[in-house]
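Below, each chain spelled out in residue letters.
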Amino acid sequence: MTNSQPSPAGSGATDENVAGAVNHSLLKRGGPDDILLSAYKKVERKLDSVLKLYLSDVIDCDLNVEVGDAAKLLFNDWLSGLETDSVYLEFQLGASESRILVRIARIFLTASVDCFFGGQFNGEAHSTGDLKQSEVAMIDRLAGGIAAALTDAWSTLLDLPARYNRCFYAKNDVELNLEDDNVLVSATSAELSGHQIAAIDVVQTLDGLVAIEPQLNRPHHRTANKADPIWTAALKDSVKQVYVPVRSVLARPTMQLSELSRLAIGDIIPVAPTDNVPLVVGDRVFAHGSIGEQNGGVAFKINQIL
């Protein structure tokens with residue numbers, strides 16, 4: 001993985017554009033980009049093993065996967081240089097607006113369908129033209145496995161789930177709306193039925209790395225996350241001022257519906273005396289006590305707090 005790349009010949013880069021590139025943290029050597037790209041390297045290494053695990057489950061056959069070291073390329077140059085028939089899956093990492101793009105070669109898609117239904121891949125044959133219904137269904141299955149693999153790989157740094165957004169069926173339809181056109185492309189090969197093919201490209205945008213950089217720099221030490229004692233004390237004082245309904249239940253008589261319908265003003269409902277009256281807060285019995293008198297009024301005396 002390289003941290004810098006000369007401007008392509010004939011690009012027409014102005015001095016202003018060059019200055020902007022130099023100021024970009026991901027294009028400077030010895031700056032924050034070194035830490036960020038080293039962090040992504042950990043994700044890349046984890047992806048090598050988890051892609052094999054999840055894709056093998058999806059295809060339901062033995063599958064060897066090898067993720068190559070990411071190369072930094074201009075996105076449009078990479079996309080325009082693709083010659084093989086492919087589909088493009090877009091994923092979103094966490095709440096970030098930036099996207100991860102995964103290119104799946106049509107030959108790998110066809111091979112996945114063949115192996116899923118118990119067939120053998122001969123290393124060459126693949127479908128052309130419009131996608132078959134079985135291939136469309138396989139795209140959804142592969143997307144689920146890749147999303148799980150991306151989530152697992154990124155767990156080495158952050159707890160950010162990867163979510164599958166949509167599929168582009170042709171490269172002319174791909175839209176990422178990048179502010180920085182630089183991307184990291186990890187070319188991934190797969191071996192099915194003894195045949196190795198260029199199967200997948202995982203495209204990580206530099207916009208996406210910049211978006212998560214603040215989260216990578218957050219302190220994770222217990223002392224750094226310790227609650228502010230002043231805030232804690234203020235919270236406790238506020239909680240103590242909260243009013244809650246408290247009631248004592250003298251009796252719970254039961255009556256037939258016919259008796260209840262005949263009740264009138266002045267009727268008396270007999271209540272058995274008790275010295276174990278519950279004191280209820282909300283729906284929870286807080287204490288037991290007895291009813292008495294204090295200063296000429298009815299009072300509740302607590303005998304036991306639960």
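Residues numbered from 1 in each chain as written. Predicted model: local features only at pLDDT ≥ 70, side-chain atom pairs only at ≥ 80, totals over all residues. Heavy atoms only, no water.

(A) Just unusual backbone geometry, in detail. The residue Asn177 is not glycine, and still its phi comes out positive at about 50°. With respect to the element layout, Asn177 can be found in the loop between strand S5 (162-168) and strand S6 (182-192). Residue Asn177 is classed as exposed on the basis of its relative accessible area, which comes to 71%. The backbone of Ser193 shows a phi angle near 50°, a positive value even though the residue is not glycine. Note that Ser193 resides in the loop between S6 and strand S7 (195-205). (Helix = DSSP H or I, 4+ residues; strand = E, 2+ residues; numbered from the N terminus. Buried < 20%, exposed > 50% of the residue type's maximum accessible area, 1.4 Å probe, protein only.)

(B) The pairing of S6, seen in detail. Along S6, nine of the 11 residues are buried, which leaves the element largely enclosed by surrounding structure. As paired elements, strand S1 (residues 64-67) and S6 share four bridges and run antiparallel to each other. When the bridges of S6 are listed, Val65 appears paired with Ala190. The pairing of strand S2 (residues 71-74) with S6 spans four bridges and is antiparallel. Within the sheet, the bridge partner assigned to Lys72 lies in S6 and is Leu184. One ladder, built from 10 bridges, connects S6 with S7; its direction is antiparallel. In the sheet register, Leu184 faces S7, and the bridge partner there is Gln204. (Pairing = 2+ DSSP bridges.)

(C) Quick look at the packing of helix H4 (residues 106-116) against helix H5 (residues 133-154). As a packed pair, H4 and H5 sit with axes 10 Å apart at the nearest point and diverge in direction by 95°. As summarised for this structure, H4 and H5 are arranged roughly perpendicular, according to the angle between their axes. Taken together, the residues of H5 that come into contact with H4 (itself represented by Arg106, Phe108, Leu109, Thr110, Ser112, Val113 and Phe116) are Ser134, Glu135, Met138, Ile139, Arg141 and Leu142. Looking at the contact of H4 with H5, its residues break down into seven nonpolar, three polar and three charged. (Axes fitted to C-alpha atoms, helices over the stretch in contact; angles between N-to-C directions. Parallel < 35°, antiparallel > 145°, perpendicular 65-115°, else oblique. Contact = heavy atoms within 4.5 Å. Nonpolar A, V, L, I, M, F, W, Y, C, P; charged D, E, K, R; others polar.)

(D) Spotlight on the side chain of Glu135. Within the fold, Glu135 resides in helix H5. Assessed through its relative accessible area of 1%, Glu135 is described here as buried. From its side chain, Glu135 meets the backbone nitrogen of Lys132 in a polar contact 2.9 Å long. Ignoring anything within four residues of it in the chain, the contact list for Glu135 reads Arg106, Leu109, Thr110, Val113, Ser127 and Asp130. (Polar contact = N/O pair within 3.5 Å; in protein donor to acceptor, adjacent residues only side chain to side chain.)

(E) Geometry of the pairing of strand S9 (residues 277-281). Taken across its five residues, S9 has four buried, putting it largely inside the fold. In the sheet, S9 pairs with strand S10 (residues 284-294) via five bridges, with the strands oriented antiparallel. Residue pairing across strands places Val281 opposite Arg284, the latter belonging to S10. Hairpin connection of S9 to S10: two residues between the antiparallel strands, including Gly282 at a positive phi of 65°.

(F) Summary view of the packing of aromatic side chains. This structure, assessed with the given rule, holds four aromatic pairs. Between the aromatic rings of Phe75 and Trp78, the centroid separation amounts to 5.8 Å while the plane-to-plane angle is 35°, which identifies the pairing as tilted. Taken together, the residues span about one helical turn, with Phe75 and Trp78 both in helix H3 (residues 75-80) at a distance of three residues. Of the two residues, Phe75 and Trp78, both sit in the buried class. (Phe/Tyr/Trp six-rings, centres within 6.5 Å; stacked < 30°, edge-to-face > 60°.)

(G) View of the sheet that holds S10. Strand order across the open sheet formed by four strands is S8-S9-S10-S11, with antiparallel pairing between neighbours. Only two strands of the sheet have a single neighbouring strand rather than two, namely strand S8 (246-248) and strand S11 (297-305). Along the sheet, successive strands turn relative to each other by an average axial angle of 40°, direction set aside.

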